[in-house]
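These are the residues of each chain, in order.
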Amino acid sequence: MKREIILLLIFSIVIVSCGTSSSSNNSNSPAAYIENKGSDTIVNLALAWAERYQGDHPDVRISVTGGGSGTGIASLINGTVGIANASRQIKSEEIEQAKSNGVEPVEHIIARDAIAVVVNPNNPVRELTLQQISDIYSGEITNWKEVGGDDRPIVRLSRETNSGTHVYFLETVLRLNSKEDKTLFSTDTLLLPSSEGIIAEVRQNPNAIGYDGLGYVPHDLIMISIAEEAGGAYVLPSVATVNDKTYPIARDLYMYTNGAPEGVIKEYLDWILSLEAQMIVEELGFVPVN
Amino acid sequence: MEKSLNWREFIITRLIKASGYSAILFVALIFFFLVREGLPTLGEVELKSLTGTRWYPIEDYFGILPLITGSLIITIGAGLIAVPFGIGTAVYISEIAPRWVREILKPLVELLGGLPSVVLGFLGILVLSPFLRVFLDLPTGLTALAGSILLGAISVPTVVSVAEDALDSVPRSYREGAWALGATRWQTIWRVTLPAARSGVLTAVMLGVGRSIGETMTVMMVTGNAPVLAVKLGSIFSPVRTMTATIAAEMGEVANGSTHYHVLFFIGMVLFLISLAVNIAASSVVFRARKRAERILS
């Protein structure tokens, strides 16, 4: 009997404390609410920003969801989000759609994304053209000696198919940005679930070739200089070459707002371009815009 | 007093009964769920495409053959390692080892069984696969072989502890009888103890196989996940992609209700049916063995 009374007591305390905590949440409800939706490539970055920003501005609530660039822009057109994230530029038909809905999308470049192609330091190959990388990954080239290296088999490493980096690499490198091109990864391409897996394998295997976001590549791996076309200049990926657009496997990442941003959204976007926020960009493996 | 005891008895037996039946209920519910989510595949993907040899779901290539062969080759490899090694260890612990060795070995093996598979995966990436690449001169160490070795290591503790319990429960009089007839220690183990413990040892093997066909994290980390059709003997030295790794890697990002989503559940169904078949085969063998034993004894 006594035990039951104690249990009841504990139970009621738990209930009461739950009640008070939820009511205290209601009492200081945020003054501003930003809905942020779109590209899965950006979602981690957007989350990190939102987290840091909310820490400094407890009166602002930012909700971040993924779903893809198209989903984000569609939500902006429907007026359900304040900021849409996109890893591609808005299409002309989307702009028309928006205008007919009374929405005027305004573009903000918030970070850049570059993919570095990496090899083991014991591999003498340092330069490749985009076409050669495409042929390596599609299985046309299977030995390093065909691109000026040693007589070794090529082991292709890729991220899993659900990664945004995988899709971007497929479109820009394997298919060289051509919509009609239906080239696929060679079936014996290793699909590794994490950046770490790719880096660990390249680090110890001189046969391997891999790719990853520029910011994730450690210093002990060799980044390949890439030429857009045969005979063109070979460019090593770096923050500078990505920002002056000479490195070919790089893209801008965008946020879109309805009209010129105002109020909390403007403050948030200004903060995103600040040094503090751009440091987060670098931490997450992207390239800061300035 | 007596009345409350009866009342308690009633509740307890009902509870035990309910938990017994709930196992059946859960399996049935899981299967129902798998079928409900996986069966639409057959309407959405042509059978020819489904039995194709290319798996590239983001471009609608849904050939699941490479995944099935990948899982099978790794499971067979793991079985070839875990079964002899596990039964050998069990025989040593239960029949040969002196008491103090046995008291150290048994908990150690059980500790091995408690190792998280992700830790073994790390070992695989950082130690085993570089070693295999250099030692066997392979293009890469992330192969079916690396997966088999690690899965073997994962299922050995299961095989050992179940087989050891089975050997332990063989009455001492059997062994004494064999010795009295002049059988050597090896003859006793091979001809008397092991056959007497046969059903338990077989259960151990099946649990070990079940453990390795369902294992996900380790294989995802060390087998390279390349969806290559693994039908040659040499495939053990090349990367493969298993059904479990495919589900784990792709489920997180797939759109709910899409064709890809349904195909992933379909793979889950196939996996379920394979382990069901293994279990049925095992229990029918055990059943037959028991009937034969009963005949001999009667």
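All residue numbers refer to positions counted from 1 along the written sequence of the respective chain. The naming scheme follows written order: chains are lettered A onward, ligands numbered 1 onward. In keeping with the predicted nature of the model, local features appear solely for residues at pLDDT of at least 70, side-chain atom pairs appear and are counted solely at 80 or more, and the whole-chain, interface and lining totals rest on all residues.

(A) Up close: the overall build of chain A. Put simply, DSSP H or I for four residues or longer makes a helix, DSSP E for two residues or longer makes a strand, and each gets a number counted from the N terminus. The helix and strand tally for chain A stands at ten helices and eleven strands. Classification of the 290 residues of chain A by burial places 38% in the buried group. Once C-beta atoms are placed from the backbone, each residue is buried if 20 or more other C-beta atoms lie within 10 Å of its own, exposed if 12 or fewer, and partly exposed for counts between those two.

(B) Inspection of the pairing of strand E3 (residues 83-86) of chain A at higher detail. Residues and elements named next belong to chain A. Because side chains alternate across E3, one face comprises the buried residues Ile 83 and Asn 85, and the other comprises Ala 84 and Ala 86, equally buried. Pairs of strands are assigned from DSSP output, requiring at least two bridges between the strands. The pairing of strand E1 (residues 32-38) with E3 spans three bridges and is classified as parallel. Pairing of Lys 37 across the sheet is with Ala 84, part of E3.

(C) Region of the structure containing helix H6 (residues 117-136) of chain B. In this analysis, the expected span of each helix is defined as 1.5 Å times one less than the number of residues it contains. The terminal C-alpha atoms of H6(B) lie 25 Å apart, and with 20 residues this falls more than 12% below the ideal 28 Å at 1.5 Å per residue. Bend is the name given here to the angle between axes fitted to two runs of seven residues, the run ending at a residue and the run starting at it. The axis of H6(B) is deflected most strongly, by about 45°, at B:Gly124. For H6(B), the complete set of buried residues consists of B:Ser117, B:Leu120, B:Gly121, B:Gly124, B:Ile125, B:Leu128, B:Ser129, B:Leu132 and B:Arg133. Note on contacts: each residue gets a C-beta atom placed from the backbone, and two residues are in contact if those atoms are within 7 Å. The inward-facing, buried residues of H6(B) abut helix H7 (195-204) of chain A together with helix H7 (144-168) and helix H11 (217-222) of chain B. Within two residues after H6(B), B:Asp137 carries a phi angle of roughly 55°, on the positive side.

(D) Expanded view of the environment of A:Gln278. Residues and elements named next belong to chain A. Counting through the fold element by element, Gln 278 comes out in helix H10 (residues 275-283). The class for Gln 278 is partly exposed, based on 18 C-beta atoms found within 10 Å. Taking C-alpha positions, Gln 278 is 8.5 Å from Ile 110, a pair spaced 168 residues apart along the chain. Here Gln 278 is in contact with Leu 273, Pro 288, Val 289 and Asn 290, once residues within four sequence places are set aside.

(E) Structural context of the environment of B:Leu273. Residues and elements named next belong to chain B. Tracing the backbone shows Leu 273 in helix H13 (residues 259-297). Here Leu 273 falls in the exposed class, since 12 other C-beta atoms lie within 10 Å of it. Here the alpha-carbon distance between Leu 273 and Phe 31, two residues 242 residues apart in the chain, equals 9.4 Å.

(F) Just the interface of chain A and chain B, in detail. Each partner contributes to the interface: chain A provides 21 residues, whereas chain B provides 24 residues. Broken down by element, the side of chain A that touches chain B gets its largest block of residues, four residues, from H7(A). Gly falls in the polar group here, along with every residue not listed as nonpolar (Ala, Val, Leu, Ile, Met, Phe, Trp, Tyr, Cys, Pro) or charged (Asp, Glu, Lys, Arg). When grouped by side-chain class, the residues that make up the side of chain A that touches chain B number ten nonpolar, eight polar and three charged.

(G) Unusual backbone geometry, seen in detail. Non-glycine residue A:Asn177 carries a positive phi angle of around 65°. Along the chain, A:Asn177 falls in the loop between helix H6 (164-174) and strand E7 (190-192). What makes A:Asn177 exposed here is the crowd of 10 C-beta atoms within 10 Å. Of note, B:Asn225 is a non-glycine position whose phi angle comes to about 55°, a positive value. Structurally, the position occupied by B:Asn225 is in the loop between H11 and helix H12 (243-251).

(H) Quick look at the nonpolar core. Core analysis: the largest hydrophobic core is formed by 121 residues, its most contacted members being A:Ala114, A:Val117, B:Leu150, B:Val159 and B:Ala163. Examining the composition of this core, we find that 15 residues originate from one element, H7(B), more than from any other. All domain edges in this entry derive from an automatic or database-based domain assignment. The residue makeup of this core includes at least three contributed by each of domain 1 (32-112 + 252-283) and domain 2 (114-250) of chain A. Of all hydrophobic cores here, the second largest spans twelve residues; its members include B:Ile64, B:Leu264, B:Phe265 and B:Leu271. When buried Ala, Val, Leu, Ile, Met, Phe, Trp, Tyr and Cys residues are joined through C-beta atoms within 7 Å, the set is termed a nonpolar core.

(I) Structural context of the domain arrangement of chain A. All names here are of chain A. Domain annotation for chain A reports domain 1 (32-112 + 252-283) and domain 2 (114-250). Here the C-alpha centre of domain 2 lies 30 Å away from the C-alpha centre of domain 1. Here the side of domain 1 that touches domain 2 is composed, by residue class, of no nonpolar, two polar and three charged.

(J) Molecular detail of the environment of B:Val263. Residue and element names in this part refer to chain B. For Val 263, the position within the fold is in helix H13. Separated by 74 residues in sequence, Val 263 and Ile 189 place their C-alpha atoms 48 Å apart. Those residues in contact with Val 263 that sit more than four places away from it in its chain are Thr 41, Val 45, Pro 57 and Phe 62.

(K) Here's a closer look at the pairing of strand E8 (residues 208-213) of chain A. Residues and elements named next belong to chain A. Taken across its six residues, E8 has six buried, putting it largely inside the fold. With five bridges connecting them, strand E4 (residues 105-119) and E8 associate as antiparallel partners. Its bridge partner being in E8, Ile 115 is matched across the sheet by Gly 213. In this sheet, E8 lies alongside strand E6 (residues 155-159) in parallel orientation, the contact comprising two bridges. When the sheet's bridge partners are listed, Arg 156 is paired in E8 with Ile 209.

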